[in-house]
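# Observations on the model geometry
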Amino acid sequence: MSRTTSQTPESDWLPFLANWVRSPIKMGAIAPSSRAYCSMMVSHATTDLDGPILELGPGLGVVTRALLTHGVAPERITSIEYEGDFARKLQQRFPKVNVIHGDGLDLDKTLGPVDSAPKYAAILFAIPIVNMPHARRQDLFARYFERLLPGGNLTQLSYMVTPPVRSLPGVFKTSSSKRVWSNIPPARVWIYHADGDERCEDMAA
Ligand SMILES: C[S@@+](CC[C@H](N)C(=O)[O-])C[C@H]1O[C@@H](n2cnc3c(N)ncnc32)[C@H](O)[C@@H]1O
């Protein structure tokens, strides 16, 4: 996503770029997100709630690392990555994180039905969905909300300048962080709270 990151090992850039060349729509970015952008995402995620944390589209782990830096115990984190080489590398890099090589857009398949799977304190989302019709994005996020604990939120890394997923009345409300100017391009973190959760207004840009 960003080219400015002091935290990303140099060796991560090539595999990231190579995957982007092979599959630009699935990767959605030519390089890992910047440290500041990941840190902004983590600071808005409801990691203070008790419960496990779900990360979707971790790539080579820049957000995973930001979660750990923020003080989240690795045993709380489940990271679902579609790309096999990335998932393997991520598991080596973070042996205590539960890395799943699977589809983060189909959690029924990857984690099992909602009723028999854990509920999460926060979901951190970085899978590209720009090519997905908007109604499908709303439907997808509504289904993620079924897997959140009360008070939990979903945060999204996306370079879109308008909300990637607009509020869905009765289900969730969309807000955003301040823009991270050091990111290339400058970008916001998009934040989704359950409709009626008062914290949503506090976080409006
Ligand atoms: C834009 S990159 C973000 C990587 C990292 N989180 C960052 O911010 O630099 C998107 C990641 O989502 C992964 N991905 C794409 N489709 C996916 C899916 N359906 N399920 C899980 N991961 C997926 C890609 O392989 C890639 O690692």
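Scope of this entry: the structure provided in the associated data block. Sequence order as written defines residue numbering, which begins from 1 separately in each chain. The predicted origin of the model limits local features to residues at a pLDDT of at least 70 and limits the giving and counting of side-chain atom pairs to 80 or more, whereas totals for whole chains, interfaces and linings rest on all residues. For the side-chain quantities, the full set of heavy atoms in the structure was used; hydrogens and water were omitted.

### What about the pattern of salt bridges?
- The term salt bridge refers to a pairing of a side-chain nitrogen on Lys or Arg with a carboxyl oxygen on Asp or Glu at a separation within 4 Å. Per the stated rule, a full pass over the model turns up 3 salt bridges.
- Put simply, Asp-85 and Arg-88 hold a salt bridge, and the shortest N to O gap is 2.4 Å. In this pair, Asp-85 and Arg-88 are both assigned in helix H5 (residues 84-93), 3 residues apart and thus about one turn of the helix distant.
- Burial classes follow relative accessibility: with a 1.4 Å probe on protein chains only, a residue under 20% of its type's maximum area counts as buried, one over 50% as exposed, and anything between as partly exposed. What makes Asp-85 partly exposed here is its relative accessible area of 46%.
- Take Arg-88: its relative accessible area is 52%, and that puts it in the exposed class. Only DSSP runs of H or I covering at least 4 residues are called helices, and only runs of E covering at least 2 are called strands; the numbering of each starts at the N terminus.

### Notes on the sheet that holds strand E2 (residues 77-81)
- Reading across from one edge, E3-E2-E1-E4-E5-E7-E6 is the order of the 7 strands in this open sheet, with mixed pairing throughout. Every other strand in the sheet has two partners, leaving strand E3 (98-101) and strand E6 (172-176) as the edge strands with one partner each. For this sheet, the mean angle separating the axes of adjacent strands, direction not counted, is 20°.
- Strand pairing is assigned whenever DSSP identifies at least 2 bridges connecting the two strands. Relative to E3, E2 is paired through 4 bridges, and the arrangement is parallel. Counted as the bridge partner of Ile-80 is Ile-100 from E3.
- Any two residues having at least one pair of non-hydrogen atoms within 4.5 Å are treated as being in contact. Helix axes are fitted to C-alpha atoms over the stretch in contact, other axes to C-alpha atoms as well, and angles between N-to-C directions run from 0 to 180 degrees. Sheet strands touched by helix H3 (residues 35-44): strand E4 (120-125), strand E5 (148-158) and strand E7 (188-194). Its angle to E5, the strand with the most contacts, is close to 165°.

### Focus: the packing of aromatic side chains
- Planes of paired rings set the category: under 30 degrees apart is stacked, over 60 is edge-to-face and the rest tilted, where pairs are Phe, Tyr or Trp rings (Trp by its six-membered ring) whose centres lie within 6.5 Å. In this structure the tally under the stated criterion is 8 aromatic pairs.
- A ring pair is formed by Phe-141 and Phe-172, whose centres lie 6.4 Å apart and whose planes are at 55°; its orientation type is tilted. Note that Phe-141 is positioned in helix H7 (residues 134-145) and Phe-172 in strand E6, a separation of 31 residues in sequence.
- With a relative accessible area of 0%, Phe-172 lands in the buried category.
- Here Phe-145 and Phe-172 contribute two aromatic rings whose centre-to-centre distance is 5.4 Å and whose plane-to-plane angle is 15°, an arrangement assigned as stacked. Highlighted residues: Phe-145 in helix H7 and Phe-172 in strand E6, separated in sequence by 27 residues.

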